[in-house]
Amino acid sequence: MRPILLPTVLTACVATTATTPPAEADADTITEIAAPSAPAAPDRTPTPPCAQLPVGEPPGQGYRVAQGFGTNRHLGEDWNGVGGGNTDLGDPVYAMADGVVSAAHDFRGGWGRVVRIEHRFTLENGVEAFESLYAHLDDIAVELDQRVERGQRIGSIGDAHGAYIAHLHLEVRDVLRLPLGPGYASDPSGYIDPRAWVAAHRSGCPPG
Ligand SMILES: [Zn+2]
């Protein structure tokens, strides 16, 4: 599934209306008016994306995916500590990329505490937008609308108030602001494989 490409916002460059200099203005003043400094343009410098896995230090180490994307119509990945059982309860969960928190709430039921983060990568030809979702958390360490950085702790692995053995249910979506969702569905439209997404968005990561 291809990520959606939002067109680059075309910011209208409104020309500064040149005012006719007063007749008695001296040469220096006329020069100043005729050549106004350009207004500050919005920064559209491409920023190559950098994404990472949400558990482990370094990312991924000490964890395994117990149920992958697409298995049993699963819309995400279930990350467990290699120690099994609840050995990963309370382990840190990290933001997969820079972004803005779009949900930080205890939905109870099968979801428990959930954090959602919107990510936007500025490319040469537009902006790629994604959302990552972290569910069943034991605690939430961020707030709605908070700007977060890749690798920042956003919460910890939980069990959705005792509903499951502790694990992280992780989703990556290429359609923003979908409902919380069913976690499983025969139609995965809007959802993408989290590990494939990370692998495809490493060009902006620091070396090493
Ligand atoms: Zn799951």
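Model, not experiment: these values are computed from the prediction.

Asker: Mind showing me how you'd approach the overall build of the protein here?
Answerer: Scanning the protein for helices and strands turns up 2 helices and 12 strands. Element order for the protein, N to C, with α for helix and β for strand: β-α-β-β-β-β-β-β-β-β-β-β-β-α. Scored against the burial criterion, the 208 residues of the protein give a buried share of 30%. Once local pairs closer than 6 in sequence are excluded, the contacts in the protein between residues at least 24 apart make up 62%.

Asker: Explain the environment of Gly85 to me, please; I cannot follow it from the model alone.
Answerer: Mapped onto the secondary structure, Gly85 falls in the loop between strand S3 (77-81) and strand S4 (92-94). The exposure class of Gly85 is exposed, given the 10 C-beta atoms found within 10 Å. Separated by 81 residues in sequence, Gly85 and Ala166 have C-alpha atoms that sit 7.0 Å apart.

Asker: Can you walk me through the confidence of the model for the protein in this structure?
Answerer: When pLDDT drops low, the exact placement of atoms in the prediction is not to be read closely. Taken over all residues, the pLDDT of the protein has a mean of 85, while the share at 70 or more is 79%. Segment residues 6-35 is flagged for pLDDT under 50; beyond a separation of four residues in sequence, or across chains, it makes 16 contacts in the model.

Asker: How should I be thinking about the sheet that holds strand S8 (residues 139-140) in this particular structure?
Answerer: With respect to topology, 3 strands assemble into an open sheet ordered S4-S10-S8, the strand pairing being antiparallel. Two strands lie at the open edges of the sheet, namely S4 and S8, each paired on one side alone. The pairing of S8 with strand S10 (residues 153-156) spans 2 bridges and is antiparallel. Its bridge partner being in S10, Asp139 is matched across the sheet by Ser156.

Asker: Help me understand the pairing of S3 in this model?
Answerer: On a regular strand, one side chain projects to one face of the sheet and the next to the other, so that they alternate. Counting buried positions along S3 gives 5 out of 5 residues, so the element sits mostly inside the fold. Neither face of S3 is open: one carries Glu77, Trp79 and Gly81, the other Asp78 and Asn80, and all of them are buried. In the sheet, strand S2 (residues 63-67) pairs with S3 via 4 bridges, with the strands oriented antiparallel. Across the sheet, residue Gln67 finds its bridge partner in S3, namely Asp78. Two elements, S3 and strand S11 (residues 168-173), share 3 bridges in a ladder whose sense is antiparallel. If you follow Asp78 over to S11, its bridge partner there is His169.

Asker: What is the right way to read unusual backbone geometry from this model?
Answerer: The phi angle of most residues is negative, glycine excepted, and most peptide bonds adopt the trans form. Note the cis peptide between Glu57 and Pro58, where omega equals 0 degrees. One non-glycine residue, Asn72, lies in the positive phi region at around 55 degrees. Mapped onto the elements of the fold, Asn72 is located in the loop between S2 and S3. Judged by C-beta crowding, with 7 C-beta atoms within 10 Å, Asn72 ranks as exposed. Positive phi, normally seen in glycine, also occurs at Asp145, with a value near 75 degrees. Checked against the element boundaries, Asp145 lands in the loop between S8 and strand S9 (147-148).

Asker: I tried to follow the environment of Gly62 on my own but got confused; where do I start?
Answerer: Mapped onto the elements of the fold, Gly62 is located in the loop between helix H1 (27-34) and S2. With 14 C-beta atoms packed within 10 Å, Gly62 lands in the partly exposed category. Along the primary structure Gly62 and Gly83 are separated by 21 residues, whereas in three dimensions their C-alpha atoms are 8.0 Å apart.

Calculation criteria
Within any chain, residue numbers begin from 1 and follow the written order of that chain's sequence. It should be noted that, the model being predicted, local features are given only for residues of pLDDT at least 70 and side-chain atom pairs only at 80 or more, the latter also being counted only at that level, while totals for whole chains, interfaces and linings use all residues. Secondary structure elements are taken from DSSP: a helix is a run of H or I of four residues or more, a strand is a run of E of two residues or more, and numbering for both begins at the N terminus. Three classes are used. A residue is buried when 20 or more other C-beta atoms lie within 10 Å of its own, exposed when 12 or fewer do, and partly exposed in between, with C-beta atoms placed from the backbone. Contact definition: two residues whose C-beta atoms, as placed from backbone geometry, lie within 7 Å. pLDDT: the predictor's confidence for each residue, scored from 0 to 100. Two strands pair if DSSP finds at least two bridges between them.

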